[in-house]
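# A closer look at the structure
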Amino acid sequence: MERIILWSLLIIGIALLFSSLRKPPIKNWILIFSLSSYFSTFFGVLVVEENMLEYPVRFLSHYFSSSLLYEYLLFPVVCIYFYQTTYRSSYLNIVLQCILYTTVLTIIEIFFERYTELIKYHTWTWKYTYISTFLLIMFIRFFMQLINRKERDI
(Lines give C-alpha, C1' and ligand atoms only; values in the text may rest on other atoms or scores of the structure.)
Protein backbone atom coordinates (compact mmCIF):
# COMPACT_ATOMS: atom_id res chain seq x y z
CA MET A 1 0.00 0.00 0.00
CA GLU A 2 2.83 2.41 0.85
CA ARG A 3 4.37 2.03 -2.60
CA ILE A 4 1.03 2.90 -4.20
CA ILE A 5 0.83 6.03 -2.04
CA LEU A 6 4.39 7.00 -2.98
CA TRP A 7 3.80 6.54 -6.70
CA SER A 8 0.49 8.44 -6.46
CA LEU A 9 2.19 11.32 -4.65
CA LEU A 10 4.95 11.32 -7.28
CA ILE A 11 2.44 11.60 -10.12
CA ILE A 12 0.44 14.29 -8.29
CA GLY A 13 3.64 16.20 -7.48
CA ILE A 14 4.86 16.17 -11.08
CA ALA A 15 1.46 17.25 -12.38
CA LEU A 16 1.27 20.10 -9.85
CA LEU A 17 4.84 21.14 -10.66
CA PHE A 18 4.11 21.47 -14.37
CA SER A 19 0.85 23.24 -13.59
CA SER A 20 2.62 25.73 -11.31
CA LEU A 21 5.22 26.57 -13.97
CA ARG A 22 2.66 27.53 -16.61
CA LYS A 23 2.35 31.21 -15.75
CA PRO A 24 5.06 33.84 -15.49
CA PRO A 25 7.36 34.78 -13.82
CA ILE A 26 8.79 31.28 -14.22
CA LYS A 27 12.19 32.36 -12.89
CA ASN A 28 10.55 33.02 -9.50
CA TRP A 29 8.94 29.57 -9.43
CA ILE A 30 12.19 27.83 -10.32
CA LEU A 31 14.07 29.83 -7.69
CA ILE A 32 11.45 28.99 -5.04
CA PHE A 33 11.59 25.34 -6.04
CA SER A 34 15.38 25.31 -5.78
CA LEU A 35 15.56 27.19 -2.48
CA SER A 36 12.89 25.10 -0.80
CA SER A 37 14.52 21.88 -2.04
CA TYR A 38 17.87 22.99 -0.70
CA PHE A 39 16.64 24.02 2.74
CA SER A 40 14.22 21.13 3.22
CA THR A 41 16.93 18.64 2.26
CA PHE A 42 19.41 20.27 4.63
CA PHE A 43 17.02 20.12 7.58
CA GLY A 44 15.55 16.76 6.56
CA VAL A 45 18.93 15.07 6.51
CA LEU A 46 19.79 16.52 9.93
CA VAL A 47 16.57 15.22 11.45
CA VAL A 48 16.93 11.75 9.92
CA GLU A 49 20.63 11.43 10.76
CA GLU A 50 19.92 12.43 14.37
CA ASN A 51 17.40 9.56 14.39
CA MET A 52 14.51 11.84 15.32
CA LEU A 53 12.37 10.22 12.66
CA GLU A 54 12.73 7.70 9.87
CA TYR A 55 11.16 6.85 6.54
CA PRO A 56 10.85 3.03 6.50
CA VAL A 57 9.35 2.96 2.98
CA ARG A 58 10.82 5.46 0.50
CA PHE A 59 12.21 5.82 -2.99
CA LEU A 60 15.88 4.85 -3.46
CA SER A 61 16.08 3.52 0.08
CA HIS A 62 19.50 1.95 -0.50
CA TYR A 63 21.01 5.35 -1.25
CA PHE A 64 19.07 7.90 0.81
CA SER A 65 17.71 7.80 4.34
CA SER A 66 15.50 10.85 3.95
CA SER A 67 12.36 11.33 1.89
CA LEU A 68 13.44 12.44 -1.57
CA LEU A 69 9.85 12.69 -2.73
CA TYR A 70 8.88 15.17 -0.03
CA GLU A 71 12.11 17.18 0.13
CA TYR A 72 12.78 17.45 -3.61
CA LEU A 73 9.29 17.57 -5.07
CA LEU A 74 6.25 17.85 -2.83
CA PHE A 75 7.41 20.51 -0.36
CA PRO A 76 8.95 22.72 -3.09
CA VAL A 77 5.73 22.52 -5.12
CA VAL A 78 3.73 23.54 -2.05
CA CYS A 79 6.10 26.49 -1.60
CA ILE A 80 5.52 27.58 -5.20
CA TYR A 81 1.75 27.48 -4.74
CA PHE A 82 2.03 29.32 -1.44
CA TYR A 83 4.03 32.10 -3.06
CA GLN A 84 1.63 32.28 -6.00
CA THR A 85 -1.42 32.54 -3.73
CA THR A 86 0.21 35.17 -1.52
CA TYR A 87 1.96 37.18 -4.22
CA ARG A 88 -0.16 40.31 -3.67
CA SER A 89 -1.39 39.57 -0.15
CA SER A 90 -1.01 41.63 2.98
CA TYR A 91 1.26 40.37 5.75
CA LEU A 92 -1.71 39.18 7.77
CA ASN A 93 -3.08 37.17 4.85
CA ILE A 94 0.37 35.72 4.19
CA VAL A 95 0.59 34.49 7.78
CA LEU A 96 -2.98 33.13 7.72
CA GLN A 97 -2.38 31.27 4.48
CA CYS A 98 0.90 29.91 5.84
CA ILE A 99 -0.99 28.60 8.86
CA LEU A 100 -3.46 26.92 6.50
CA TYR A 101 -0.78 25.34 4.29
CA THR A 102 1.24 24.21 7.32
CA THR A 103 -1.83 22.73 9.00
CA VAL A 104 -2.72 20.70 5.92
CA LEU A 105 0.84 19.39 5.51
CA THR A 106 1.05 18.50 9.20
CA ILE A 107 -2.31 16.68 9.18
CA ILE A 108 -1.19 14.64 6.17
CA GLU A 109 2.07 13.76 7.95
CA ILE A 110 0.20 12.75 11.12
CA PHE A 111 -2.05 10.52 9.05
CA PHE A 112 0.95 8.90 7.32
CA GLU A 113 2.75 8.43 10.63
CA ARG A 114 -0.22 6.75 12.30
CA TYR A 115 -1.58 4.60 9.49
CA THR A 116 1.33 3.81 7.15
CA GLU A 117 4.99 2.87 7.17
CA LEU A 118 5.96 6.01 5.26
CA ILE A 119 7.18 7.89 8.34
CA LYS A 120 7.90 6.94 11.93
CA TYR A 121 8.57 9.40 14.74
CA HIS A 122 11.20 8.63 17.35
CA THR A 123 11.87 11.85 19.24
CA TRP A 124 10.13 13.98 16.61
CA THR A 125 6.51 15.14 17.04
CA TRP A 126 3.92 16.78 14.85
CA LYS A 127 4.58 20.04 16.72
CA TYR A 128 8.15 20.11 15.41
CA THR A 129 6.83 19.49 11.92
CA TYR A 130 4.33 22.30 12.26
CA ILE A 131 6.83 24.85 13.56
CA SER A 132 9.64 23.95 11.16
CA THR A 133 7.33 23.87 8.13
CA PHE A 134 5.74 27.19 9.06
CA LEU A 135 9.10 28.88 9.58
CA LEU A 136 10.61 27.45 6.40
CA ILE A 137 7.67 28.45 4.20
CA MET A 138 7.66 31.96 5.68
CA PHE A 139 11.44 32.27 5.31
CA ILE A 140 11.30 31.31 1.63
CA ARG A 141 8.35 33.65 1.05
CA PHE A 142 10.07 36.67 2.56
CA PHE A 143 13.43 35.78 1.04
CA MET A 144 11.77 35.84 -2.39
CA GLN A 145 10.12 39.13 -1.54
CA LEU A 146 13.53 40.55 -0.67
CA ILE A 147 15.03 39.24 -3.93
CA ASN A 148 12.23 40.74 -5.99
CA ARG A 149 12.47 44.07 -4.17
CA LYS A 150 16.21 44.27 -4.83
CA GLU A 151 15.61 43.33 -8.46
CA ARG A 152 13.10 46.17 -8.88
CA ASP A 153 15.54 48.65 -7.33
CA ILE A 154 18.26 47.89 -9.88
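Residues numbered from 1 in each chain as written. Predicted model: local features only at pLDDT ≥ 70, side-chain atom pairs only at ≥ 80, totals over all residues. Heavy atoms only, no water.

Turning to the environment of Cys 98, a few remarks are in order. Topologically, Cys 98 is positioned in helix H4 (residues 91-115). Judged by its relative accessible area of 0%, Cys 98 is buried. With 36 residues separating them along the chain, Cys 98 and Phe 134 place their C-alpha atoms 6.4 Å apart. Each residue touching Cys 98, except ones within four places of it in the same chain, is listed here: Phe 82, Phe 134, Ile 137 and Met 138. (Helix = DSSP H or I, 4+ residues; strand = E, 2+ residues; numbered from the N terminus. Buried < 20%, exposed > 50% of the residue type's maximum accessible area, 1.4 Å probe, protein only. Contact = heavy atoms within 4.5 Å.)

With that settled, consider the packing of aromatic side chains. Throughout the structure, instances matching the rule amount to 13 aromatic pairs. Where Phe 39 meets Phe 139, the ring centres are 5.3 Å apart and the plane angle is 85°; that geometry is what we call edge-to-face. You can see Phe 39 sitting in helix H2 (residues 26-49) and its partner Phe 139 sitting in helix H5 (residues 126-153), a full 100 residues away along the chain. In this structure Phe 139 comes out as partly exposed when scored by relative accessible area, which is 38%. Taken together, a centroid distance of 5.7 Å and an interplanar angle of 40° make the contact between Tyr 70 and Phe 75 tilted. A relative accessible area of 26% places Tyr 70 in the partly exposed class. (Phe/Tyr/Trp six-rings, centres within 6.5 Å; stacked < 30°, edge-to-face > 60°.)

Enumeration according to the criterion identifies 1 salt bridge in this entry. Its salt-bridge partner being Glu 117, residue Lys 120 comes within 3.8 Å of it at the nearest N-O pair. Assessed through its relative accessible area of 39%, Glu 117 is described here as partly exposed. (Salt bridge = Lys/Arg side-chain N within 4 Å of Asp/Glu carboxyl O.)

Closest axis-to-axis distance for the helix H3 (residues 68-85)/H4 pair is 10 Å, and the angle between their directions is 150°. When the axes of H3 and H4 are compared, the pair comes out roughly antiparallel. In this structure, the crossing between H3 and H4 has a hand that is right-handed. Taking contact as the criterion, the partners of Tyr 70, Phe 75, Val 78, Tyr 81, Phe 82 and Thr 85 in H3 are, on H4, Ile 94, Gln 97, Cys 98, Tyr 101 and Leu 105. For the contact of H3 with H4, the class distribution of residues is 9 nonpolar, 2 polar and no charged. (Axes fitted to C-alpha atoms, helices over the stretch in contact; angles between N-to-C directions. Parallel < 35°, antiparallel > 145°, perpendicular 65-115°, else oblique. Left-handed = near helix turned anticlockwise from the far one by under 90°. Nonpolar A, V, L, I, M, F, W, Y, C, P; charged D, E, K, R; others polar.)

For H2, spanning 24 residues, the distance from its first C-alpha to its last is 34 Å, which sits close to the expected 34 Å at 1.5 Å a residue. Those residues of H2 that sit buried are Asn 28, Trp 29, Ile 32, Leu 35, Ser 36, Ser 37, Phe 39, Ser 40, Thr 41, Gly 44, Val 47 and Val 48. Asn 51 sits one or two positions beyond H2 and adopts a positive phi of about 60°. (Expected span 1.5 Å × (residues − 1).)

So, about the state of the cysteines. Summed over all chains, the structure comprises 0 disulfides. Summary of cysteine pairing: Cys 79 is not part of a disulfide, and the nearest cysteine sulfur, belonging to Cys 98, is at 8.6 Å. (Disulfide = S-S within 2.5 Å.)

Spatial relationships are all this shows, so hold off on functional conclusions.
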